[in-house]
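# A closer look at the structure
Residues per chain, in single letters:
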Amino acid sequence: MNLETPLTENKINKLKAGDKIYLSGYLYTARDQAHKKLCELIENNEELPINIENAIIYYTGPAPARPGRVIGPCGPTTSYRMDKYTPALLKMGLKAMIGKGQRSKRIVDLIKENKAVYLAATGGAAALLSKRIIDSKVVAYPKLDTEAIRLLKVSDFPLVVINDIYGNDLYDMGKNKYSEISG
Amino acid sequence: MREIDGEIISKNISQAVQNANFSLDLKLLNMLEDAVKKEQSLLGKNILKSLIKNAQIAEQEKIAICQDTGIVVIFIKIGNQIQIQGDLYKAVNRGIKVGYNKGYLRKSVVKDPFNRENTQDNTPAIIYIENVLGDSLEFNILIKGAGSENMSRINMFNPTASKDEIIDFIIDTVQRAGASACPPYIMGIGIGGTFEKAALLSKKALLKEKTEDPSIRIFEKRILKEINKTGIGPGGLGGKVTALDVRILKHSCHIASLPVAVNINCHASRHIKISI
């Protein structure tokens with residue numbers, strides 16, 4: 001299905017683990033170091049450089065853009081590394097995260113509790129995914145280079161719903177369906 | 001003696017790291033094509049097709065297959081009749097610096113594990129040098145992403161451990177990696193040696209072209225079959241193809257030891273071998 005940002009409660013309610021979606025609109029990029037910085041600010045009650053409320057964060061550190069390009073290859077990085085920072089961001093109203101790989105039980109529970117969603121982009125399909133990014137600008141922490149926070153505009157960005165508000169986890173569902181290991 | 005100028009080495013390395021980041025080798029592409037046929041899960045099939053499409057785009061447009069253009073690991077074989085003019089390590093790192101800039105490849109190396117300051121040129125590479133007889137100079141280059149590297153493990157087994165126990169450890173490693181390390185995986189497994197030798201063998205195994213020892217080939221196939229029973233599948237979305245290949249290297253070891261190292265590589269196994 002096609003979806004446009006912002007991801008309002010009404011839209012998120014309809015998403016189920018396993019749904020394939022094509023997302024258009026705006027999302028922020030942030031990975032390890034940007035998360036660390038954001039959460040340090042939250043801890044000290046300082047103002048954040050971006051508005052987290054109803055935002056979507058894409059865990060990625062793009063490669064440099066060739067001349068004339070919007071962005072370089074830009075696929076997801078592994079999400080579990082952000083798990084320790086995610087509770088604080090969900091509390092501030094983060095609505096969706098895009099990455100790859102399974103989240104901790106705690107995050108899966110918090111996604112349900114906060115009516116948020118975790119989406120996966122195809123890991124290693126960075127060249128393909130970069131074609132769906134139509135604008136990119138650094139909005140915070142430029143010194144972090146690839147790890148800076150960027151505001152991306154995407155068009156029909158292909159994603160799969162992993163964790164929905166009902167507590168489902170596509171990674172577990174998929175594995176259970178195809179596993180041939182007994183017990 | 002054959003003299004080789006460090007500049008020639010740099011130029012060759014610069015080109016090689018770009019080529020490795022832009023193009024998947026034919027063998028791997030064939031494995032992905034085969035996997036599309038084998039995979040039963042529709043989501044899994046689509047992931048595999050996307051990866052093939054992604055590889056085509058990267059190749060045509062000379063852009064990186066994956067944004068994680070890795071840390072460069074190089075195994076160098078240098079003949080005893082080769083004389084390098086200049087410092088070999090510097091020549092290799094200079095090549096990487098130039099290649100990563102020219103190729104618009106991501107700089108993913110930090111100088112210090114604690115202060116995390118980026119070196120801005122993706123150096124230093126991890127370099128291993130082996131001396132051989134003759135006048136050849138060979139570079140076996142691996143572009144290693146961190147998503148899969150982080151999921152790698154080592155275990156020091158008792159010398160009496162069975163092959164089944166080793167398989168259980170490998171399966172457990174794959175289960176822990178789950179969807180995180182970009183399946184379907186290429187598995188490099190080092191068995192024997194010492195703690196560090198097993199780890200090194202597991203990395204080298206990722207570059208192994210064929211298995212001469214039939215008993216090892218049987219063991220590799222058995223492990224592959226077991227991994228593909230986990231159901232993790234392409235992208236971890238569920239399916240029959242969790243690994244594409246298993247490659248083992250073994251070494252003699254102490255009577256009390258049986259080290260086993262498992263180095264996981266993602267489906268974008270980027271590597272290139274060049275001779276100068």
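What you see is a predicted model; the values in this text were computed from it and never measured.

### Quick word on the sheet that holds strand β5 (residues 137–144) of chain B
To summarise the sheet geometry, strands pair through backbone hydrogen bonds and adopt either a parallel or an antiparallel arrangement. Residues and elements named next belong to chain B. Spatial ordering of the open sheet is given by β4-β2-β5-β10, a layout of four strands whose pairing is mixed. Two strands close off the open sheet at either side, each with one partner strand: β4 (126–132) and β10 (270–275). When strand polarity is set aside, the average angle formed by the axes of neighbouring strands in this sheet is 15 degrees. As paired strands, β5 and β10 are joined by six bridges and run antiparallel to one another.

### Quick notes on helix α4 (residues 88–102) of chain B
All names here are of chain B. Counted at 1.5 Å a residue, the expected span for α4 with its 15 residues is 21 Å, and the 21 Å between its end C-alpha atoms agrees. Burial in α4 covers these residues: Ala91, Val92, Asn93, Arg94, Gly95, Ile96, Lys97, Gly99 and Tyr100. One or two positions beyond α4, positive phi appears at Tyr104, with a value near 55 degrees.

### What about the interface of chain B and chain A?
Counting residues at the interface gives 38 residues for chain B and 39 residues for chain A. Take the side of chain B that touches chain A: its biggest share by element is eight residues, from helix α3 (residues 42–61) of chain B. Residues that form the side of chain B that touches chain A fall into these classes: 17 nonpolar, 17 polar and four charged.

### Brief notes about the sheet that holds strand β8 (residues 243–253) of chain B
All names here are of chain B. Read across the sheet, four strands follow the order β6-β9-β7-β8 without closing on themselves; strand pairing throughout is mixed. Looking at strand neighbours, the two that pair on one side only are β6 (153–157) and β8, the edges of this open sheet. Each neighbouring strand pair of the sheet contributes to a mean axis angle of 15 degrees, computed without reference to strand direction. Bridge count for strand β7 (residues 185–193) against strand β9 (residues 258–265) is six bridges, and the pairing is antiparallel.

### Comments concerning the domain arrangement of chain B
Residues and elements named next belong to chain B. Splitting chain B by domain gives domain 1 (2–22 + 65–144) and domain 2 (147–268). Distance from the C-alpha centre of domain 1 to the C-alpha centre of domain 2: 26 Å. Across the contact, eight residues belong to domain 1 and seven residues belong to domain 2. Of all the secondary-structure elements, those providing two or more residues to the side of domain 1 that touches domain 2 are β2 (71–79) and β5. When residues in the side of domain 1 that touches domain 2 are grouped by element, the largest group, three residues, is from β5. The residue inventory of the side of domain 1 that touches domain 2, partitioned by class, reads five nonpolar, one polar and two charged.

Each value, and the rule that gives it
- Residues numbered from 1 in each chain as written.
- Chains lettered and ligands numbered in written order.
- Predicted model: local features only at pLDDT ≥ 70, side-chain atom pairs only at ≥ 80, totals over all residues.
- Pairing = 2+ DSSP bridges.
- Helix = DSSP H or I, 4+ residues; strand = E, 2+ residues; numbered from the N terminus.
- Axes fitted to C-alpha atoms, helices over the stretch in contact; angles between N-to-C directions.
- Expected span 1.5 Å × (residues − 1).
- Buried ≥ 20, exposed ≤ 12 C-beta atoms within 10 Å, placed from the backbone.
- Contact = placed C-beta atoms within 7 Å.
- Nonpolar A, V, L, I, M, F, W, Y, C, P; charged D, E, K, R; others polar.
- Domains from an automatic or database assignment.

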